[in-house]
Structure formats: C-alpha cells, structure tokens
Amino acid sequence: MPGSLTDTLNLLTKVTPRRAWNGLQVLGSYYYSKLTGKAEHRGLPVSIAFEPTTSCNLRCPECPSGLRSFTRPTGMLDEDFFRRTVNELSSTLLYLTFYFQGEPYLHPKFLEMVSYAASRKIYTATSTNGHYLTDANARKTVESGLDRLIISVDGTTQEVYQQYRVGGKLEKVLEGARNVIKWKKKLRSRTPHVVFQFLVVKPNEHQIGEVKKLARELGVDSVGLKTAQIYDYQQGSPLLPTLEEYSRYRKNADGSYRVKNHLLNHCWKMWHSCVITWNGAVVPCCFDKDARYQLGDLQKDTFRQLWNGQPYRNFRQTLLQSRDQVEMCRNCTEGTQVWG
C-alpha cells in the first residue's frame, strides 16, 4: 500500500550518526558471535519494547492477559521510571514499541509517554485491540507523534471476530480506525502509519481477502497477516489454520504437530532488542510473557550495567550453544508475518 514507503522514509529520518554507529556495532558483534560461537556484544539496543500495563478488556484464548494467567506481578508502568530509561537510551535507541502484554490505552498516561519518546526523535509504535480509539483518543493519538498504530482486526464479521477476540466488538474497532484516519486527514499528519493486524487462525482464514479489501476501503495503510502462537499445539488445536503458509506448525506422520522453526543456535533479538515489563524487569523478548527468564531489574541497575552484565552474557552464550534447551525458544518462529 502507498503508505508503506512514507513509513519507511519516516523511520529513516530518525537515524542519527550515533544511532547508525550503534546499530553497526550491534550488527557486527552479532555476526562475530555467530561465526565464532562466542557471545560478544557491542553497543546498546536498537529497539526496545515497554509494557504500559498487563490489564486488558478482552479474553483472548492464547493470551496471558486475556486468560488472567500471569504468575508475575501485574500493574501499570510508572511514568517517571519510563522517562528515566528513555533518557538513558535515547541517543542510541531508534525504535520503541509500547506493547508487550495488556492493552496500552488502559494506561491513563500512555499517550503522554508516547509524546515524550517522540520528542526525543525515537520511532514509536504500539499494538491495540482498538476498543479505546474514541474520537478524543484518536485525535490525541495523532497529536502524540505516534509513528505506527497496529490495530488487531481478526475477522471481518462479528461472528468470526469474536471467536478469538472474546468479549470484543468489531464495529467499535472499525469505528476507532475511522476516527484515527479522520484525524490524520484533519490535522494533515502523515502519522501514525495505520496497520490492520490479522491473526490467522482456522475460524478466520477464509476472510484474509476480505480484511485486505476492508483496509483499502477505510484508508488503512497496510495489512499484516500474523501467524498464531499456540501453547498446546502438539496434539492439534481448533485454532490451527489449514493454510500451511499461515501456520507456525507442521503436521507429523503420526498426527502430532511440531514447530516449523529448526531452532538454529543464534538469535538476532538477543543482540538488538529487549522487553521491559511495567515494573522494570528486563526479559529477552516477547516470547517470555511471564518473565521467567528475567535478566535484570532496571529499578536496581542502569540499563548499561544490565545489558552488559553476566546474566545477559550467559544467556546469549546459551543461545549460541544449545538454544533448544531454552523452553520459550521451542515455540519461537521469529519473523512469521506476511504483509499485504
């Protein structure tokens, strides 16, 4: 879609000499580590994800927030802590995602935090279920400087949509998308780049063409077709799509299923990004939803201390030697999203 080029150019405007040099250091150390099998790291993360809150209004069946199944503490991100961390990283940080678990718009200061990161010329993105994009919030979203807004639209009819987005109202989501697009036009803003994210599962796979058509009609910039992570996939699941290209799992001869990913002993995410939970725990990536592999606490240490600390070094080394021994990695298929 036409907006994709604009979005790419917008991201490139955030690249400064210092951020570019940091990115080259990270990339170089990653390839050196792959080549030698010894975990070496230079630079700071190019991208981070902040968790505004663990709270959510929906009950999606494969989501810890929706299932209310966390064993870790739940709550909301402190704005002062967020600002301190951004201040520490802003000179090298290129991309900031306001999402891990929960619905970001439930945080009362969410858009103020977006504005703060945007004022530091960091590319900002978030993912939402779209139920809180009222006219007022839509305007504030555009005014905040948010660069990318991902809206989950997992069906084009209420009957199909609600099979995964339990408790959700499709028309409310579409109204929210219309509100954002309206305010982009009124305020003559190129941002945010609006994405319809379609989580492909068996109940909605027949609507892939329809969601692309719906996005065009509304003026949405792009559609992302995302494969679903299923927790208990080994014996199959009603959510597993029949379309092979949109499934993370492959059926074995005995009828059981396995992850398509061969789990090679490396992971780019461990070098260029991380996730920070609402209470300051740093975890390796978005697959660690319950923070079982916590690598540090930003309430106690600076980010630089943590990023270069022994726990992080040990974890990176483990991934280079025996990634298949890390439980969260066994259900990982990084990069499984198709754009349309």
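Participant: Help me out: how do you make sense of unusual backbone geometry in this one?
Facilitator: Backbone geometry follows two general trends: most residues other than glycine have a negative phi, and most peptide bonds adopt the trans configuration. With an omega of 5°, the peptide bond running from T191 to P192 counts as cis. Looking at the secondary structure, you find P192 in the loop between α8 (170-186) and β5 (193-200). Within the chain, K121 stands out as a residue other than glycine whose phi angle is a positive 60°. Residues other than glycine seldom take positive phi values, yet R188 does so here, at roughly 50°. Within the element layout of this structure, R188 appears in the loop between α8 and β5. Judged by its relative accessible area of 79%, R188 is exposed.

Participant: How should I be thinking about the nonpolar core in this particular structure?
Facilitator: Generally speaking, a soluble globular protein has its nonpolar side chains buried in company with each other. Ranked by size, the top nonpolar core spans 89 residues in total, and within it F82, L96, I151, F196 and I276 carry the most contacts. Broken down by element, the residue count for this core peaks at seven residues, all from α8. Aside from chain neighbours lying at most four places away, what touches L96 is I48, F50, F82, V86, A117, I122, Y123, T124 and A125. With five residues, the next largest nonpolar core counts A49, F100, V275 and A291 among its residues.

Participant: Where do I start with a nonpolar patch on the surface in this structure?
Facilitator: A cluster of nonpolar side chains, contributed by L5, L9, L12 and V15, occupies part of the molecular surface with about 380 Å² of accessible area. Secondary-structure assignment places L5 in helix α1 (residues 3-13). According to the relative accessible area criterion, L5 is exposed, its value standing at 57%.

Participant: Got a minute to help me understand the layout of surface pockets in this structure?
Facilitator: Empty space among the atoms can be located by rolling a probe the size of a water molecule over them. Estimated volume of the second largest pocket: approximately 490 Å³. Q229, Y231, F287, R292 and E327 are the residues nearest the centre of the second largest pocket, which is lined by 18 residues in total. Residues belonging to the lining of the second largest pocket are distributed by class as follows: eight nonpolar, four polar and six charged.

Participant: Which parts of the structure should I look at to understand empty space enclosed by the protein?
Facilitator: Tallied over the full model, the rule gives one cavity of 30 Å³ or more. Lining the largest cavity are C267, M270, C285, F287, F315, L319, R323, M328, C329 and C332.

Participant: Just to check I follow, could you spell out the packing of helix α4 (residues 79-89) against helix α5 (residues 110-119) for this structure?
Facilitator: In a pair of packed helices, the angle between the axes and the distance between the axes together describe the arrangement. As a packed pair, α4 and α5 sit with axes 11 Å apart at the nearest point and diverge in direction by 15°. Taken together, the axis directions place α4 and α5 in an arrangement best described as roughly parallel. Crossing of α4 against α5: the hand is right-handed. Residues E79, F82, R83, V86 and N87 of α4 form the contact with α5, whose participating residues are E112, M113, Y116 and A117. Residue composition of the contact of α4 with α5, by class: five nonpolar, one polar and three charged.

Participant: Where do I start with the packing of aromatic side chains in this structure?
Facilitator: The geometry of an aromatic ring pair comes down to the distance between the two centres and the angle between the two planes. Applying the stated criterion across every chain, the model contains 13 aromatic pairs. When the centroid spacing of 5.7 Å and the interplanar angle of 75° are considered together, the rings of F98 and F110 count as edge-to-face. One end of the pair, F98, is in strand β2 (residues 95-98); the other, F110, is in helix α5, with 12 residues separating them in the sequence. According to the relative accessible area criterion, F98 is buried, its value standing at 0%. Grouping aromatic residues by their ring pairs yields a cluster made of F50, F81, F82, F98, Y105 and F110.

Participant: Is there a simple way to explain α4 in this structure?
Facilitator: One full turn of an α-helix is made of 3.6 residues, so residues set three or four places apart face in the same direction. Those residues of α4 lying buried are F81, F82, T85, V86 and L89. Relative to the axis of α4, the buried residues are bounded by an arc of 130° and lie together on one face. Its buried side turned inward, α4 meets β1 (47-50), β2, α5, β9 (273-276) and α11 (303-307).

Participant: Would you explain the side chain of Q229 in this entry?
Facilitator: On the secondary structure map, Q229 appears in the loop between β6 (222-227) and β7 (249-251). Among the polar contacts made by the side chain of Q229, one reaches the side chain of K289 at a distance of 3.0 Å. Contacts of Q229, omitting those with residues within four sequence positions, involve E62, R248, Y249, F287, K289 and N331.

Basis of the calculations
Residues numbered from 1 in each chain as written. Predicted model: local features only at pLDDT ≥ 70, side-chain atom pairs only at ≥ 80, totals over all residues. Heavy atoms only, no water. Helix = DSSP H or I, 4+ residues; strand = E, 2+ residues; numbered from the N terminus. Buried < 20%, exposed > 50% of the residue type's maximum accessible area, 1.4 Å probe, protein only. Core = buried A, V, L, I, M, F, W, Y, C linked by side-chain atoms within 4.5 Å. Contact = heavy atoms within 4.5 Å. Patch = residues over 30% accessible without salt bridge, like charges linked within 9 Å, V, L, I, M, F, W, Y side chains within 5 Å. Areas by Shrake-Rupley, 256 points an atom, 1.4 Å probe, with all protein chains shown as cover. Salt bridge = Lys/Arg side-chain N within 4 Å of Asp/Glu carboxyl O. 1 Å grid on protein atoms, 1.4 Å probe; cavity = no way out; pocket = protein on both sides within 12 Å on 5 of 7 lines; lining within 4 Å. Points joined across faces, edges and corners; volume = space filled by probe spheres on them. Nonpolar A, V, L, I, M, F, W, Y, C, P; charged D, E, K, R; others polar. Axes fitted to C-alpha atoms, helices over the stretch in contact; angles between N-to-C directions. Parallel < 35°, antiparallel > 145°, perpendicular 65-115°, else oblique. Left-handed = near helix turned anticlockwise from the far one by under 90°. Phe/Tyr/Trp six-rings, centres within 6.5 Å; stacked < 30°, edge-to-face > 60°. Arc of directions from axis to C-beta. Polar contact = N/O pair within 3.5 Å; in protein donor to acceptor, adjacent residues only side chain to side chain.

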